[in-house]
Amino acid sequence: EPEVTQTPSHQVTQMGQEVILRCVPISNHLYFYWYRQILGQKVEFLVSFYNNEISEKSEIFDDQFSVERPDGSNFTLKIRSTKLEDSAMYFCASSEAPGLYGYTFGSGTRLTVV
Amino acid sequence: KNEVEQSPQNLTAQEGEFITINCSYSVGISALHWLQQHPGGGIVSLFMLSSGKKKHGRLIATINIQEKHSSLHITASHPRDSAVYICAVGSGAGSYQLTFGKGTKLSVIP
């Protein structure tokens, strides 16, 4: 069964450093998402991406965050200057047609900011 | 903004028991999703519902749109069903972001 692949599975970074989280969505999917889950809390929406542009973003997704689809397969989330409160599990998801088929989630990247 | 509430928060069951997890939401939706999160953290999609009932193996999901309520049932529960079960809703109207509940942690004891 096709999978959404996320790398790395775990990243530790110093506060103030830039991090890039990588995702390879399912190849025929057109809609891409990033969610995050702070330890012990519920999953929160960050951003959705369609047709090479952001279609929706939450209040969490401020100027420190950016997304990119640099080639035909990767979808990345960049955090420019990490803060302690950015420590969370970050999930990538993709969908062929979310209103019809739902979503496939990746296994997550655990980001720890020290 | 949709509020998604799940109950119970924690559930311990003996192997073989019938399990029900409930989800309610505050605003009309386009679809409701049941998801499973294992201890390693990965999220697996179980069901997407906009009406009625769906069944997959020992899992059954139902939704009542008028009452804004959904249930996830697990028949003949097994220790491998131990996980966090999460309800998430999509609001539709051109938005495809999901709003998540806090999850129900299920432990099935042999």
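Residues numbered from 1 in each chain as written. Chains lettered and ligands numbered in written order. Predicted model: local features only at pLDDT ≥ 70, side-chain atom pairs only at ≥ 80, totals over all residues. Heavy atoms only, no water.

S.K.: Looking at this model, I keep getting lost on the sheet that holds strand E8 (residues 69-74) of chain B. Mind explaining?
M.R.: The pairing of strands in a sheet comes from backbone hydrogen bonds and takes either a parallel or an antiparallel form. Residues and elements named next belong to chain B. Read from one edge to the other, the open sheet built from five strands follows the order E1-E3-E8-E7-E6, with strand pairing classed as antiparallel. Looking at the sheet topology across the chains shown, the edges are occupied by strand E1 (4-7) and strand E6 (52-56). When strand polarity is set aside, the average angle formed by the axes of neighbouring strands in this sheet is 15°. Pairing of E6 with strand E7 (residues 59-64) involves five bridges; the strand directions are antiparallel. The residue bridging Lys 54 from the neighbouring strand is Ala 61, located in E7. (Pairing = 2+ DSSP bridges. Helix = DSSP H or I, 4+ residues; strand = E, 2+ residues; numbered from the N terminus. Axes fitted to C-alpha atoms, helices over the stretch in contact; angles between N-to-C directions.)

S.K.: Mind showing me how you'd approach the state of the cysteines here?
M.R.: Covalently bonding the sulfur atom of one cysteine to the sulfur atom of another cysteine gives a disulfide. All names here are of chain A. On inspection of all chains with the given rule, the structure shows two disulfides over all chains. Here Cys 23 engages in a disulfide with Cys 92; their sulfurs sit 2.0 Å apart. Residues Cys 23 and Cys 92 share a disulfide whose torsion about the S-S bond is about -65°; that sign makes it left-handed. Taken together, the positions of Cys 23 in strand E3 (residues 19-24) and Cys 92 in strand E9 (residues 88-95) put the pair 69 residues apart, joining distant regions of the chain. (Disulfide = S-S within 2.5 Å.)

S.K.: Sorry, what's going on with the pattern of salt bridges here?
M.R.: Any two side chains of opposite charge can pair, so long as their charged atoms come close to each other. Counting across every chain of the model gives two salt bridges over all chains. Between Arg 36 of chain A and Glu 44 of chain A there is a salt bridge; the shortest N-O distance is 3.2 Å. For Arg 36 of chain A, a relative accessible area of 10% puts it in the buried group. Put simply, Asp 81 of chain B and Arg 58 of chain B hold a salt bridge, and the shortest N to O gap is 2.8 Å. You can see Asp 81 of chain B sitting in the loop between E8 and strand E9 (83-92) and its partner Arg 58 of chain B sitting in the loop between E6 and E7, a full 23 residues away along the chain. With a relative accessible area of 6%, Asp 81 of chain B lands in the buried category. (Salt bridge = Lys/Arg side-chain N within 4 Å of Asp/Glu carboxyl O. Buried < 20%, exposed > 50% of the residue type's maximum accessible area, 1.4 Å probe, protein only.)

S.K.: So what exactly am I meant to see when it comes to the packing of aromatic side chains here?
M.R.: Aromatic ring pairs are defined here through the distance separating the ring centres and the angle between the ring planes. Residue and element names in this part refer to chain A. Evaluated as defined, the whole model comprises 12 aromatic pairs over all chains. Relative to Phe 105, the ring of Tyr 35 has its centre 6.0 Å away and its plane inclined at 50°; by these criteria the two rings are tilted. Within this pair, whereas Tyr 35 is found in strand E4 (residues 31-37), its partner Phe 105 is found in strand E10 (residues 104-105), the two being separated by 70 residues in sequence. Judged on exposure class, the residue Tyr 35 and its partner Phe 105 are both buried. (Phe/Tyr/Trp six-rings, centres within 6.5 Å; stacked < 30°, edge-to-face > 60°.)

S.K.: How should the nonpolar core be read in this particular structure?
M.R.: Note on soluble globular proteins: their nonpolar side chains tend to be buried together. Ranked by size, the top nonpolar core spans 22 residues in total, and within it Ile 19, Tyr 25, Leu 32, Trp 34, Leu 72 and Tyr 85 of chain B carry the most contacts. Residue assignment for this core shows that the elements contributing at least two residues are strand E3 (19-25), strand E4 (31-37), strand E5 (43-49), E7, E8, E9 and strand E11 (104-109) of chain B. Among the nonpolar cores identified, the runner-up in size contains 21 residues, and Cys 23, Phe 49, Val 67 and Val 113 of chain A belong to it. (Core = buried A, V, L, I, M, F, W, Y, C linked by side-chain atoms within 4.5 Å.)

S.K.: Quick question: what am I supposed to make of the interface of chain B and chain A here?
M.R.: Note on interface size: it is often stated as the accessible area lost on association of the parts. Taken together, the contacts link 17 residues of chain B with 19 residues of chain A. Summing the contributions of chain B and of chain A, the shared interface buries around 1,500 Å²; its carbon and sulfur component is 61%. Contact with chain A buries area across many residues of chain B, yet Ile 43, Tyr 96 and Phe 100 of chain B alone supply 39% of it, more than any other trio. On the surface where chain B and chain A come into contact, there are zero salt bridges. The interface formed by chain B and chain A contains five residue pairs in polar contact (both at pLDDT 80 or more). Of all the elements in the fold, those that place two or more residues in the side of chain B that touches chain A are E4, E5 and strand E10 (95-100) of chain B. Of the residues belonging to the side of chain B that touches chain A, the class tally is six nonpolar, 10 polar and one charged. (Contact = heavy atoms within 4.5 Å. Buried area = accessible area lost by both parts, 1.4 Å probe. Polar contact = N/O pair within 3.5 Å; in protein donor to acceptor, adjacent residues only side chain to side chain. Nonpolar A, V, L, I, M, F, W, Y, C, P; charged D, E, K, R; others polar.)

S.K.: Looking at this model, I keep getting lost on the confidence of the model for chain B. Mind explaining?
M.R.: Detailed reading of predicted coordinates is not advised where the pLDDT is low. When pLDDT is averaged along chain B, the result is 94, and 100% of the positions lie at 70 or above. Between the elements of chain B, mean pLDDT differs from a low of 88, seen in E10 of chain B, to a high of 98, seen in E8 of chain B. (pLDDT = per-residue confidence, 0-100.)

S.K.: Hey, could you run me through the sheet that holds strand E7 (residues 65-68) of chain A in this one?
M.R.: All names here are of chain A. With antiparallel pairing, four strands are arranged side by side in an open sheet as E1-E3-E8-E7. Since the sheet does not close on itself, it has two edges, and those belong to strand E1 (5-7) and E7, each with one partner. Neighbour-to-neighbour, the strand axes of this sheet turn through a mean angle of 20°, independent of strand direction. Here E1 pairs with E3 via three bridges, running antiparallel. Along E3, the bridge assignment pairs Gln 6 with Cys 23.

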